[in-house]
Amino acid sequence: MSSVNDVIIVKDLTKHFGQINAVDGIDFEVRIGEIFSLLGPNGAGKSTTIRMLTTVLTADGGNATVSGHNTATMEGKCAIRRIIGVCPQDITIYDDLTAEENTVFVAKMYDMNSEEAKEKASVLLERLGLAARKDKTKNFSGGMKRRLNLAMALVHEPQIAFLDEPTAGLDPQASRTVWDIIRSLKDLGMTVVLTTHDMDEADAVSDHVAIIDEGKIIAYGTPSELKEQFGSGNVIEIGFFDQDRLDSAIEKIEKLDVATKVTAFGERKLLVTFSGGMKTFFRILSESIESVDDIENMSFRQNSLEDVFLHLTGRRLRSN
Amino acid sequence: MFTVMFYFIFGTQEIPSTQWTIYDFALPGLIIYAAGALTVSSAIYFANEKSKGMLERLDTMPIGRKNTFLGFIIAESLFGVISIAVMFLIGYVFMQLYFVNLAALFLGLLVAILFGIQSVGIGIILAAFARTPESANGIAMVYYIPVIFASGSIVPFDSPIVYVLPPFWAKQVYLQLTVLGDSLTDMMVSGSSYPAQVIGIPLWGGLLVVIGLTVVLLALGILFFQKKTTF
């Protein structure tokens, strides 16, 4: 149900490429000033959704409005382009220009004069740690190019920033720097729409997450809500050598009535989500496993959005 | 480079019983050859903008495809205009090749520039069908090299096929106006060397063909490229 606080409203949005349903009738809303993530594996329909919302693609069905402007009409597209900033998944910068020239080039597209564009670019590049580099961007590292890619989406201070996999290919430290930047955008009053296949990223920066798979939204909520929905707390993942042992373990765990969710997935693997602590952990193991020889591998961790995805689809996000 | 190289090969070879050297006739062809190379560079440039995603990024900004195209075409054409101007400067100022008068020289320059812009149009058409800059380069070379030779721009080629090839019209109009001193109402000739068979349309008609081809090929280029990059 949409409200006056929703800056993006998507209803039954559909996009086909030939026989493939890239986006298959999705619905969601994004509130003003929040960080919203579309989380899903590669090919789930995240980028296609973003491309429709940023007016690059025309939807085959359904409706989407961005700040009240319809993405399907030319008038709406023109209005949307004035208020959004887009950081594409691919690094699209001019290699023969400097970081400042690239950023100023984009700023001027939004009717800024040279002086204003240079000033905005300078402040932003300073924040992103690129101000010191005065050489051409062809000499930049992958991480620096990605930060510049982000700067080019933000230099005109858009109302809504669409960031398509902004940390793809970055090392963990660089990714965390980008997360900080994304969080700071919220403080500036910007609405951020993010696509990612990294559940840690979605968990760390998002106010709301929509999990998308095969063109459909399969779950929506805050990261905590989603994790609670499938059992907040802890997760045991057990790989069995034998299918019969797996089936028997599932039966026993369900009888114990301590697990919030039990899902079999992959090749003889079991995911058990439960809210208790170590005591419950040992109880589950001792009551459900006949012999340690039955176990091929096992892990114990805190519940994450990865587990939510696994419970929902029977597949891992990472393996996609 | 071509201008200088060919000058040392043909520059002193006179055409018997005329006031011209072979190079007076060769330079217009070479200039058209150089302007035609914009087909290759613009095909690569447009395919690169497409495959790198810059075109899509620009599509999310409030500038519109019309302005994006205009920017791309101006950038490519400007590069071509500078190259053509440099060739004119080397040929007609430093090497003192023959031209009728300054007005005729200016018309020749205009025709060469028009052909350069026309070549950008062809480059855009080819880029529309290319997935990568590498394939755009390949497709453009497959088009450009045979066409430039079959049009008789580099060496005389007396065949009816020249009439359907854009470089022929540009080179012939430029050659006749600037070197042979024909007026716009004089008849065009079919070959790339003088004297040759008369076509039967006046030079202004040839000039109209050059202008028409430029407009049509640019429009087709934008149309195809737009169609292939809009979903």
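Residues numbered from 1 in each chain as written. Chains lettered and ligands numbered in written order. Predicted model: local features only at pLDDT ≥ 70, side-chain atom pairs only at ≥ 80, totals over all residues. Heavy atoms only, no water.

## Side note on the domain arrangement of chain A
Domain parsing of chain A yields domain 1 (6-224) and domain 2 (233-302). Once you take the C-alpha centre of each, domain 1 of chain A and domain 2 of chain A turn out to be 39 Å apart. (Domains from an automatic or database assignment.)

## Some words on the interface of chain A and chain B
Each partner contributes residues to the interface: chain A has 25 residues there, and chain B has 14 residues. Here chain A and chain B share an interface that buries about 1700 Å² over both sides, 57% of which is from carbon and sulfur atoms. Between chain A and chain B we count one salt bridge in total. Put simply, Arg51 of chain A and Glu56 of chain B hold a salt bridge, and the shortest N to O gap is 2.9 Å. Counting the contacts that link chain A with chain B gives seven residue pairs in polar contact (both at pLDDT 80 or more). Taken together, the elements giving at least two residues each to the side of chain A that touches chain B come down to helix H2 (74-83), strand E6 (84-87), helix H3 (99-109) and helix H5 (142-154) of chain A. Of the residues in the side of chain A that touches chain B, the class split is 15 nonpolar, five polar and five charged. (Contact = heavy atoms within 4.5 Å. Buried area = accessible area lost by both parts, 1.4 Å probe. Salt bridge = Lys/Arg side-chain N within 4 Å of Asp/Glu carboxyl O. Polar contact = N/O pair within 3.5 Å; in protein donor to acceptor, adjacent residues only side chain to side chain. Helix = DSSP H or I, 4+ residues; strand = E, 2+ residues; numbered from the N terminus. Nonpolar A, V, L, I, M, F, W, Y, C, P; charged D, E, K, R; others polar.)

## Brief notes about the pattern of salt bridges
Residues and elements named next belong to chain A. Here the structure, examined in full by the defined rule, presents 16 salt bridges over all chains. A salt bridge links Arg245 to Glu290; the shortest N-O distance between them is 2.6 Å. Here Glu290 lies in the loop between helix H10 (278-288) and strand E14 (295-302) and Arg245 lies in helix H9 (residues 243-256), a separation of 45 residues in the sequence. By relative accessible area, Arg245 is classed as partly exposed at 33%. Asp294 serves as the salt-bridge partner of Arg245, at 3.5 Å between the closest nitrogen and oxygen. In this pair, Arg245 is assigned in helix H9 and Asp294 in the loop between H10 and E14, connecting sequence segments 49 residues apart. (Buried < 20%, exposed > 50% of the residue type's maximum accessible area, 1.4 Å probe, protein only.)

## Remarks on the nonpolar core
Leu148 and Leu163 of chain A are the most contacted members of the largest nonpolar core, which has 102 residues in total. The element contributing the most residues to this core is helix H6 (residues 102-129) of chain B, with 12 residues. The residues contacting Leu163 of chain A, other than those within four sequence positions of it, are Cys87, Leu150, Ile182, Leu185, Val192, Val193, Leu194 and Thr195 of chain A. In terms of nonpolar packing, the next biggest core, distinct from the first, is built from 26 residues, Leu38, Met52, Ala64 and Ile160 of chain A among them. (Core = buried A, V, L, I, M, F, W, Y, C linked by side-chain atoms within 4.5 Å.)

## A closer look at the environment of Val262 of chain A
Residue and element names in this part refer to chain A. As for its placement among the helices and strands, Val262 is situated in strand E12 (residues 259-265). Separated by 12 residues in the primary sequence, Val262 and Ile250 place their C-alpha atoms 7.2 Å from one another. The contacts of Val262, once residues within four sequence positions are left out, are Ile250, Ile253, Glu254, Leu270, Leu271 and Val272.

## Structural notes on the packing of aromatic side chains
All names here are of chain B. Under the defined criterion, the tally for this structure stands at 20 aromatic pairs over all chains. The interplanar angle of 80 degrees and the centroid separation of 5.7 Å between the aromatic rings of Phe69 and Phe225 together place this pair among those described as edge-to-face. Placement of the pair is Phe69 in helix H5 (residues 64-94) and Phe225 in helix H9 (residues 203-229), with a sequence separation of 156 residues. Like Phe225, Phe69 is buried. (Phe/Tyr/Trp six-rings, centres within 6.5 Å; stacked < 30°, edge-to-face > 60°.)

## Description of H5 of chain A
Helix length check: H5 of chain A (13 residues) gives 19 Å between terminal C-alpha atoms against 18 Å at 1.5 Å per residue, within 8%. Burial analysis of H5 of chain A places 10 of its 13 residues in the buried class, which makes it a mostly covered element. Inspection of H5 of chain A places Met144, Lys145, Arg146, Leu148, Asn149, Leu150, Ala151, Met152, Ala153 and Leu154 of chain A among the buried residues, and these make up the whole buried set. Looking at the buried side of H5 of chain A, the elements it contacts are E6, H3, helix H4 (114-127), strand E7 (160-164) and helix H6 (172-187) of chain A together with helix H4 (54-59) of chain B. (Expected span 1.5 Å × (residues − 1).)

## Overview of the environment of Ile31 of chain B
All names here are of chain B. Take Ile31: it is sitting in helix H2 (residues 22-36). For Ile31, a relative accessible area of 0% puts it in the buried group. Here the alpha-carbon distance between Ile31 and Ala140, two residues 109 residues apart in the chain, equals 18 Å. Non-local contacts of Ile31, meaning those with residues more than four positions away in its chain, are made with Ile84, Met87, Phe88, Ala112 and Tyr174.

## As for the pairing of strand E1 (residues 6-17) of chain A
All names here are of chain A. Here nine bridges tie E1 to strand E2 (residues 20-31), and the two strands are oriented antiparallel to one another. Along E2, the bridge assignment pairs Thr14 with Asp24. Adjacent in sequence and paired antiparallel, E1 and E2 are bridged by two residues, among which Gly18 carries a positive phi angle near 65 degrees. Pairing of E1 with strand E4 (residues 61-66), which is carried by five bridges, proceeds in the antiparallel orientation. In the sheet register, Lys11 faces E4, and the bridge partner there is Asn63. (Pairing = 2+ DSSP bridges.)

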